[in-house]
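What the coordinates show
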Amino acid sequence: AGGGAPPWRALGGSIDLDSWRRAPAPQALSADPRVVTFAGLVRPEICEYFISLTPGRLEPARVYDPVKRTDVVMAHRSNTLANFDLRRVELAHVLLQSRMSAACGMPERHMEAPNVLHYAPGEQIADHFDFVDPASVTDYAAEVARNGQRVITFLVYLNDDYEGGETRFTQLGFSNKGRTGDGIYFVNALPDMQPDLRTMHSGCPV
């Protein structure tokens, strides 16, 4: 107030970090590979806030090409995406990743920058893997050493006012469509860090 410095200490003191470091009770859809859902992981007003940050930031979603070592637009993925890297990340993103960390056991420092995915009617991402596929690179060990392996994928559903759009696990034979604020994560890698081919999945057309 009064044009002074932002009250960061007061703001920080108003946040209950312990509550953000706890997750709702998990529901396992699959034990092996592990696919786990959480009802009410995030409050609806927080979901609305994340959505409010996306206007003007959405761009065609890309897929990492380990041969070209860059992100490229691919025909099997037609949705758009807003990335929140260090230049754009908000405190709410950091708090959400803290809750994700508590839910899946993956340290926050291992997480990628958060993204908001948007699917307009008819858009989808067809069957794919989220890990680095050894079949797609000439030197798998070097690629994993350089960029790491995506061990876990964690999704939060920011809205539910649409038809279709399920996350379908092709090899496992089931789909999931969460309500606003629900979360789901699945483990892409085997204990020896090799890719788990059973985790093929798709985002069905909206």
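The paragraphs below set out a description of the structure included in this document. (Residues numbered from 1 in each chain as written. Predicted model: local features only at pLDDT ≥ 70, side-chain atom pairs only at ≥ 80, totals over all residues. Heavy atoms only, no water.)

Remarks on the sheet that holds strand β2 (residues 34-38)
Operational definition: By definition, two strands form a pair when at least two bridges between them are found by DSSP. Only DSSP runs of H or I with at least four residues qualify as helices, and only runs of E with at least two residues qualify as strands; both kinds are numbered from the N terminus onward. For helices, the fitted axis covers only the stretch in contact; all axes are lines through C-alpha atoms, and the angles between them, taken along N-to-C directions, range from 0 to 180 degrees. Contact definition: two residues touch when any of their heavy atoms are within 4.5 Å.
Read from one edge to the other, the open sheet built from 4 strands follows the order β1-β2-β12-β9, with strand pairing classed as antiparallel. Two strands in the sheet have a free side with no partner beyond their single neighbour: β1 (26-31) and β9 (152-156). Taking the axes of each pair of neighbouring strands and ignoring which way they run, one obtains an average angle of 15° across the sheet. Judged from the 5 bridges that link them, β1 and β2 form a sheet pairing that is antiparallel. Looking across to β2, one finds that serine 30 is bridged to valine 35. In this fold helix α4 (residues 91-104) packs onto β2, β9 and β12 (183-187), with an angle of close to 125° to the strand it touches most, β9.

Re the packing of aromatic side chains
In plain terms, the rule: Any two of the Phe, Tyr and Trp rings considered here, Trp counted by its six-membered ring, make a pair once their centres fall within 6.5 Å; the pair's planes then place it as stacked at under 30 degrees, edge-to-face at over 60, or tilted in between. Burial status follows relative accessibility: with a 1.4 Å probe on protein chains alone, a residue under 20% of its type maximum counts as buried, one over 50% as exposed, and anything between as partly exposed. Here, a charge over a ring means that NZ of Lys or CZ of Arg falls within 6 Å of the ring centre while also lying within 35 degrees of the ring normal.
In the structure shown here, the tally under the stated rule is 7 aromatic pairs. Aromatic pair phenylalanine 154 and tyrosine 185: ring centres 5.6 Å apart, planes at 35°, arrangement tilted. Taken as a pair, phenylalanine 154 in strand β9 and tyrosine 185 in strand β12 lie far apart in primary sequence, 31 residues in all. Neither residue differs from the other here; phenylalanine 154 and tyrosine 185 are each classed as buried. Relative to phenylalanine 174, the ring of phenylalanine 169 has its centre 5.3 Å away and its plane inclined at 40°; by these criteria the two rings are tilted. Take phenylalanine 174: its relative accessible area is 21%, and that puts it in the partly exposed class. Grouped by ring-pair contacts, the aromatic residues Phe38, Phe154 and Tyr185 constitute a single cluster. Taking the ring centre of tryptophan 20 as reference, the NZ or CZ of arginine 99 above it sits at 4.7 Å.

With respect to the layout of surface pockets
We count it as follows: Here a cavity denotes grid points, spaced 1 Å and computed from the protein atoms alone, that fit a 1.4 Å probe unable to get out, and a pocket denotes an open set having protein on both sides within 12 Å along at least 5 of 7 lines; residues with an atom within 4 Å of a point are the lining. Grid points are joined across faces, edges and corners, and a volume is the space filled by probe spheres set on the points. All residues other than Ala, Val, Leu, Ile, Met, Phe, Trp, Tyr, Cys, Pro, Asp, Glu, Lys and Arg, Gly among them, are scored as polar; the first ten of these are nonpolar and the last four charged.
Computed from the structure, the second largest pocket encloses a volume of approximately 210 Å³. Along the wall of the second largest pocket there are 13 residues; nearest its centre are Leu86, Gln97, Met111, Glu112 and Pro114. Of the residues in the lining of the second largest pocket, the class split is 7 nonpolar, 2 polar and 4 charged.

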